[in-house]
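Examining the three-dimensional arrangement
The lines below spell out each chain.
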Amino acid sequence: MTQQTAGIHHITAFVRHAQANVDFYAGVLGLRMVKKTINFDAPEVYHLYFGDEHGSPATIITFFPWEHSRQGRIGGGQVGVTTYVVPPNSFEFWRARLTSLEISYEESTRFGEQYIGFSDRDGLRLELVEREEGPESTWSYSGVPTDKAIKGFGGAILLSTAPAKTARLLQDVMGLEHVATEGAYSRFRATGSLGNLIDVNVEPVAAGAGGAGTVHHIAWRAKDYADHEVWRTHVESSGYHPTPIIDRQYFNAIYFREEGGILFEIATDPPGFARDEEAEHLGEKLMLPEWFEPKRAEIESNLPPIVVRELKGEA
Ligand code: ZN
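Scoring rules and cut-offs
- Residues numbered from 1 in each chain as written.
- Predicted model: local features only at pLDDT ≥ 70, side-chain atom pairs only at ≥ 80, totals over all residues.
- Heavy atoms only, no water.
- Helix = DSSP H or I, 4+ residues; strand = E, 2+ residues; numbered from the N terminus.
- Buried < 20%, exposed > 50% of the residue type's maximum accessible area, 1.4 Å probe, protein only.
- Core = buried A, V, L, I, M, F, W, Y, C linked by side-chain atoms within 4.5 Å.
- Contact = heavy atoms within 4.5 Å.
- Expected span 1.5 Å × (residues − 1).
- Polar contact = N/O pair within 3.5 Å; in protein donor to acceptor, adjacent residues only side chain to side chain.
- Arc of directions from axis to C-beta.
- Pairing = 2+ DSSP bridges.
- Axes fitted to C-alpha atoms, helices over the stretch in contact; angles between N-to-C directions.
- Phe/Tyr/Trp six-rings, centres within 6.5 Å; stacked < 30°, edge-to-face > 60°.
- Lys NZ or Arg CZ within 6 Å of the ring centre and 35° of its normal.

**Thoughts on unusual backbone geometry**
The omega torsion of the bond from Pro270 to Pro271 falls at 0 degrees, within 30 degrees of zero and hence cis. With respect to the helices, strands and loops of the structure, Pro271 is situated in strand β16 (residues 263-271). Phi is positive for Phe111, close to 50 degrees, though the residue is something other than glycine. Among the secondary structure elements, Phe111 is positioned in the loop between β6 (106-110) and β7 (113-119). Of note in the backbone geometry, Gln249 takes a positive phi value of approximately 75 degrees without being a glycine. Its location among the elements puts Gln249 in the loop between β14 (246-247) and β15 (251-257). Judged by relative accessible area, which is 13%, Gln249 ranks as buried.

**Observations concerning the environment of Phe188**
Tracing the chain through its elements places Phe188 in strand β11 (residues 185-189). The class for Phe188 is buried, based on a relative accessible area of 1%. Residues Phe188 and Val307, 119 residues apart in the sequence, show an inter-C-alpha distance of 38 Å.

**Here we look at the nonpolar core**
Within the largest apolar cluster, 69 residues are counted, with the highest numbers of intra-cluster contacts made by Tyr25, Leu29 and Met174. Element by element, the count of residues in this core is highest for helix α1 (residues 18-28), at 6 residues. Residues contacting Tyr25, with those up to four places away along its chain left out, are Gly30, Leu31, Phe50, Ile61, Phe63, Tyr84, Asp120, Leu124 and Leu126. Core analysis: the next-biggest nonpolar cluster, separate from the first, contains 13 residues, Ala219, Ala267, Phe273 and Leu282 among them.

**Regarding helix α4 (residues 225-237)**
Counted at 1.5 Å a residue, the expected span for α4 with its 13 residues is 18 Å, and the 19 Å between its end C-alpha atoms agrees. Of all the residues in α4, the buried ones are Asp227, His228, Trp231, Arg232, His234 and Val235. Close packing links the buried residues of α4 with α3 (163-173), β13 (214-222), β15 and β16. In this structure Asp224 caps α4, since a side-chain oxygen of it lies 3.2 Å from the backbone nitrogen of Ala226. Two residues or fewer after α4 comes Gly239, characterised by a positive phi angle close to 100 degrees.

**Overview of helix α2 (residues 91-100)**
Burial in α2 covers these residues: Phe91, Phe93, Trp94, Arg97 and Leu98. Looking straight down α2, one finds that the buried residues subtend no more than 150 degrees of arc, so they occupy a single side. Against the buried residues of α2 lie α1, β5 (78-86), β7 and β8 (125-130). Positioned one or two residues after α2, Glu102 has a phi angle of 60 degrees, which is positive.

**Comments concerning the side chain of Thr214**
Mapped onto the secondary structure, Thr214 falls in strand β13. At a separation of 2.7 Å, a polar atom in the side chain of Thr214 contacts the main-chain carbonyl oxygen of Gly211. Residues in contact with Thr214, not counting those within four places in the same chain, are Ala13, Phe14, Gly72, Arg73, Ile74, Gln78, Leu124 and Ala209.

**Some thoughts on the sheet that holds β13**
Pairing within the open sheet is mixed, and its 8 strands lie in the order β2-β3-β4-β1-β13-β16-β15-β14. Whereas interior strands pair on both sides, the edge strands pair on one side only; in this sheet they are β2 (32-39) and β14. As paired strands, β2 and strand β3 (residues 42-51) are joined by 7 bridges and run antiparallel to one another. Paired with Ile38 across the bridge in β3 is Tyr46. Taken strand by strand, α4 contacts β13, β15 and β16, and its axis lies near 165 degrees from that of β16.

**Quick word on the packing of aromatic side chains**
Scanning all chains against the criterion turns up 17 aromatic pairs. Between the aromatic rings of Tyr84 and Phe153, the centroid separation amounts to 5.3 Å while the plane-to-plane angle is 20 degrees, which identifies the pairing as stacked. On the criterion of sequence distance, the pair formed by Tyr84 in strand β5 and Phe153 in strand β9 (residues 152-159) is long-range, its members being 69 residues apart. Ring geometry for Trp291 against Phe292: centres 5.9 Å apart, planes inclined by 40 degrees, an arrangement best described as tilted. A relative accessible area of 54% places Trp291 in the exposed class. You can call Phe292 buried: its relative accessible area is 11%. Sitting over the face of the ring of Tyr115, Arg110 holds its NZ or CZ atom 4.1 Å from the ring centroid. Here the basic side chain of Arg110 rests over the ring of Tyr185, its NZ or CZ set 5.7 Å away from the ring centre.

Okay, here's the thing in structure tokens:
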């Protein structure tokens, strides 16, 4: 049977300031901070997760905020733009909100759809698109009502240094369908209703440089642990070099670098973010894996304090 991913599971990026990160993704965009933990490989750095009310796959963006990070450069081998989907007729709300919060934006059209593009405080590129597809958000925060709120990812623009190879991988290995090629991009569709439309540059793009304001990797969805094992075998037999399966506490993961330079992960939908704290209290407490618990006091004292707070735009 052909393997087909439902689409994006999560996207992980580098930024500098933890509080600015929280203020942007919770305060400006109205997402829920569903998990506050640390980089398991560098416990002096947070790992912050933002998504819908439950932290559902296809809605999760995660960050490693590190003050000393160098500024990255967006380019080939990265996700160039992360696309969020909002309900139809919500652009007027978002234009007013971004303006009142002094976030400059520009509008563009791709594949017949209109986009509002802007950057976060570290230069990470984001955009909004209106679509019917995908369930409406149940989370209202910071003055963003549910009928205007971000539903999750619409997709992403991948910037590949070898776009023909990236396109072939998406179709032949990841199971996406080619929808159209128009201008600078080819569009591919995955089977899910969110995180499912992936645009890839047609002409090769020069390699970017990792650092603050750039995406580190994009993770694709595997439905369960058995499916994840099949994915690993499938990726390996397709000529890629996946890592062993790694327990990331809220999902299992494998990673491999594709030929266009982009780091791909495949992550399981289960167990999700209610694994170690109650669904009503996601993100409120610093969560540590068991092996770090004895060092909690020391770890907490090395992390900058952050607070999730509302930033009411005038919209
Ligand atoms: Zn990841």
